[in-house]
Amino acid sequence: MTLQTTCAESQETRILPLLSPHTRVKHDLSKSSDTIPQYYAQMSGNELDRRISAARATLAERLVILGHHYQRDEIIKYADLRGDSFKLSQLAAARPQADYIVFCGVHFMAESADILSAAYQKVILPNPSAGCSMADMANIAEVEECWQILSDIFGEDAGIIPVTYMNSAANLKAFCGRNGGIVCTSSNAPAVIAWAFRHGKRVLFFPDEHLGRNTALTYGIAEEHMAVWNPKDPLATENAEEEIERAKIILWKGYCSTHMRFSVQQIEKARAEYPGINVLVHPECRHEVVATADLYGSTEFIIQQVEKAPAGTQWAIGTEINLVHRLATEHPEQLIFCLDPIVCPCSTMYRIHPAYLAWVLEALVHGEVINQVSVDEETAHWARVALERMLAL
Ligand code: 13P
Ligand code: SF4
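Here's a quick rundown of the structure.

The rules behind the values
- Residues numbered from 1 in each chain as written.
- Chains lettered and ligands numbered in written order.
- Predicted model: local features only at pLDDT ≥ 70, side-chain atom pairs only at ≥ 80, totals over all residues.
- Pairing = 2+ DSSP bridges.
- Helix = DSSP H or I, 4+ residues; strand = E, 2+ residues; numbered from the N terminus.
- Axes fitted to C-alpha atoms, helices over the stretch in contact; angles between N-to-C directions.
- Contact = placed C-beta atoms within 7 Å.
- Near = placed C-beta within 6 Å.
- Nonpolar A, V, L, I, M, F, W, Y, C, P; charged D, E, K, R; others polar.
- Expected span 1.5 Å × (residues − 1).
- Buried ≥ 20, exposed ≤ 12 C-beta atoms within 10 Å, placed from the backbone.
- Arc of directions from axis to C-beta.
- Core = buried A, V, L, I, M, F, W, Y, C linked by C-beta atoms within 7 Å.
- Right-handed = clockwise from strand over helix to strand, strands pointing away.

**Examining the sheet that holds strand β9 (residues 249-252)**
Remark on secondary structure: sheet strands pair via backbone hydrogen bonds, oriented parallel or antiparallel. In spatial order, the strands read β6-β5-β7-β9-β8; together these 5 strands make up an open sheet with parallel pairing. Edge positions in the open sheet fall to β6 (182-184) and β8 (226-229), since each of these has one partner strand only. Within the sheet, the average angular offset between the axes of one strand and its neighbour, ignoring direction, is 25 degrees. The pairing of strand β7 (residues 202-206) with β9 spans 3 bridges and is parallel. For valine 203, the partnering residue across the bridge sits in β9 and is isoleucine 249. Sitting on the sheet, helix α9 (residues 189-199) is in contact with β5 (160-165), β6 and β7, with an inclination near 160 degrees to β6.

**Focus on the site of ligand 1**
Neighbouring ligand 1 are the residues Asp84, Ser85, Met166, Asn167, Thr185, Ser186, Cys256, Glu284, Ser298 and Thr299. Residues belonging to the shell around ligand 1 are distributed by class as follows: 2 nonpolar, 6 polar and 2 charged.

**Regarding the site of ligand 2**
Every residue lining ligand 2 is accounted for by Tyr70, Val106, Cys132, Ser133, Met134, Asn167, Cys256, Thr258, Glu320, Cys346, Thr348 and Met349. Considered class by class, the residues forming the shell around ligand 2 number 7 nonpolar, 4 polar and 1 charged.

**Focus: helix α7 (residues 140-154)**
Given a rise of 1.5 Å per residue, 15 residues ought to cover 21 Å, and the 21 Å separating the end C-alpha atoms of α7 matches this to within 8%. All of the buried residues in α7 are Val143, Cys146 and Leu150. Each buried residue of α7 sits inside an arc of 60 degrees when the element is viewed along its axis, so together they form one side. Of the residues in α7, the exposed ones pointing more than 90 degrees away from the buried face are Ala141, Glu144, Gln148, Ser151 and Asp152. Buried residues along α7 sit against β5, α8 (170-178), β7, β8 and β9.

**Quick word on the pairing of strand β1 (residues 63-68)**
Burial within β1 is extensive, with 6 of its 6 residues counted as buried. The two faces of β1 match: Leu63, Ile65 and Gly67 on one face and Val64, Leu66 and His68 on the other face are all buried. Sheet topology places β1 next to strand β3 (residues 100-104); 5 bridges connect them, and they run parallel. Bridge pairing links leucine 66 to phenylalanine 103 in β3. Pairing of β1 with strand β2 (residues 81-83) involves 3 bridges; the strand directions are parallel. Of the residues in β2, the one forming a bridge with histidine 68 is glycine 83.

**Quick look at the nonpolar core**
Counting 119 residues, the largest nonpolar core has Ile101, Phe103, Leu357 and Val360 as the members making the most contacts within it. Per element, the largest residue contribution to this core is 10 residues, and it comes from helix α16 (residues 354-365). Discounting residues that sit within four places of it in the chain, leucine 357 has contacts with Ile52, Ile75, Tyr78, Cys104, Pro126 and Ile352.

**Quick notes on the pairing of β9**
Along β9, one buried face is formed by Ile249 and Leu251 and the opposite face, lined by Ile250 and Trp252, is buried too. The pairing of β8 with β9 spans 4 bridges and is classified as parallel. Note that in β9 the partner of valine 228 across the bridge is leucine 251. Regarding the hand of the β-α-β motif, the stretch spanning β8, helix α11 (residues 240-246) and β9 is right-handed.

**Re the sheet that holds β2**
Taken in spatial order, the 4 strands make up an open sheet running β2-β1-β3-β4, and their pairing is parallel. Among the strands making up the open sheet, the edge pair consists of β2 and β4 (122-124). Adjacent strand axes in the sheet meet at a mean angle of 25 degrees when their direction is disregarded. Sheet strands in contact with helix α5 (residues 85-93) are β1, β2 and β3, and its direction is about 170 degrees off that of β1.

**Some points on unusual backbone geometry**
Across the junction of phenylalanine 206 and proline 207, the peptide omega takes the value -5 degrees, indicating a cis bond. Summarising the element assignment, proline 207 is placed in the loop between β7 and α10 (209-219). Unlike most non-glycine residues, alanine 60 shows phi in positive territory, near 45 degrees. Mapped onto the fold, alanine 60 is located in the loop between α3 (45-59) and β1. Overall, the presence of 10 C-beta atoms within 10 Å leaves alanine 60 in the exposed class. Even without being a glycine, asparagine 371 presents a positive backbone phi close to 60 degrees.

What follows is the structure, given as structure tokens:
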């Protein structure tokens with residue numbers, strides 16, 4: 001018998017009480033690690049399946065598993081609720097009986113769920129290294145530096161409204177809350193930009209340059225009234241300050257590497273091979289891609305378009321591959337494929353593997369909370385202010 005098997009067995013047979021549903025105790029046991037015990041890493045798919053199903057059955061109502069649309073099928077099959085980042089946080093908040101919210105997504109989503117859920121609910125991200133590379137392109141020190149420089153340029157009556165995309169750290173949402181700003185998602189960005197211009201003269205939009213540009217163009221702001229802020233080298237170019245002074249919107253130079261893979265050439269090729277095909281892309285794509293597509297919108301929007309289309313409709317879709325594959329499987333009556341022929345999943349979403357899920361769920365059965373995501377009270381308060389401004393729209 002290997003050491004790993006022994007460990008696994010001792011985990012299974014350890015007699016630790018499952019906490020009563022009525023004793024909503026705060027655990028001091030929470031620990032965080034992306035180093036999974038070897039014996040979980042070596043388990044077969046069938047063994048993981050058996051263990052995850054058993055843990056779900058034991059935890060029953062006390063557990064809710066959330067699965068973002070970009071998660072792989074081996075994870076989505078365990079999700080009690082599926083959705084985009086914002087919808088999932090709202091759904092979690094509507095499940096007060098669940099003490100444990102296991103978020104199969106990325107870090108900023110788990111933070112938002114923690115902010116929007118009740119104090120006794122614990123949000124767990126099975127693998128803490130599942131971040132979002134775009135969200136990581138803006139940090140609070142850089143945003144504060146930018147804010148200071150913009151305030152110096154525009155003076156007292158600057159009227160800058162900070163707008164952060166949902167794909168950002170909680171402390172950036174809190175920055176927006178404190179400074180009269182707001183959060184947006186890919187589905188409500190146009191309404192949020194309109195709100196921002198009702199409350200101020202100009203917008204600082206972070207961290208996604210492309211969602212910012214696509215939304216601003218739809219709102220009617222011309223390219224010459226946009227400036228790009230490179231946090232690594234602000235004001236590097238000779239006329240940077242002039243461009244900022246002219247700008248109605250200042251776009252943070254951040255991007256999603258998954259959505260940057262889509263190109264106009266791919267759209268032209270799809271149209272040449274399938275005349276009449278519908279091209280549907282996410283607004284994190286470059287503007288030329290969005291402008292060439294037939295339709296663009298959030299993950300939920302993409303799903304809705306496919307779901308309501310009649311049999312025989314053809315779709316070339318520009319978003320994450322796990323979602324596109326799932327749509328193709330669930331809608332065999334339509335022709336659905338990804339615009340990018342090279343399969344490229346979001347690498348951080350992919351870090352949620354069934355072995356991590358089995359690990360955190362079995363720990364919960366034993367009363368141990370692993371990889372909890374918890375936002376401090378002060379940050380959560382101000383982030384909630386920015387989120388509630390968005391919800392009130
Ligand atoms: P949604 O807001 O549609 O869930 O998108 C999140 C995301 O990460 C898109 O790349
Ligand atoms: Fe972040 Fe892009 Fe992955 Fe979405 S697809 S989680 S924006 S890296």
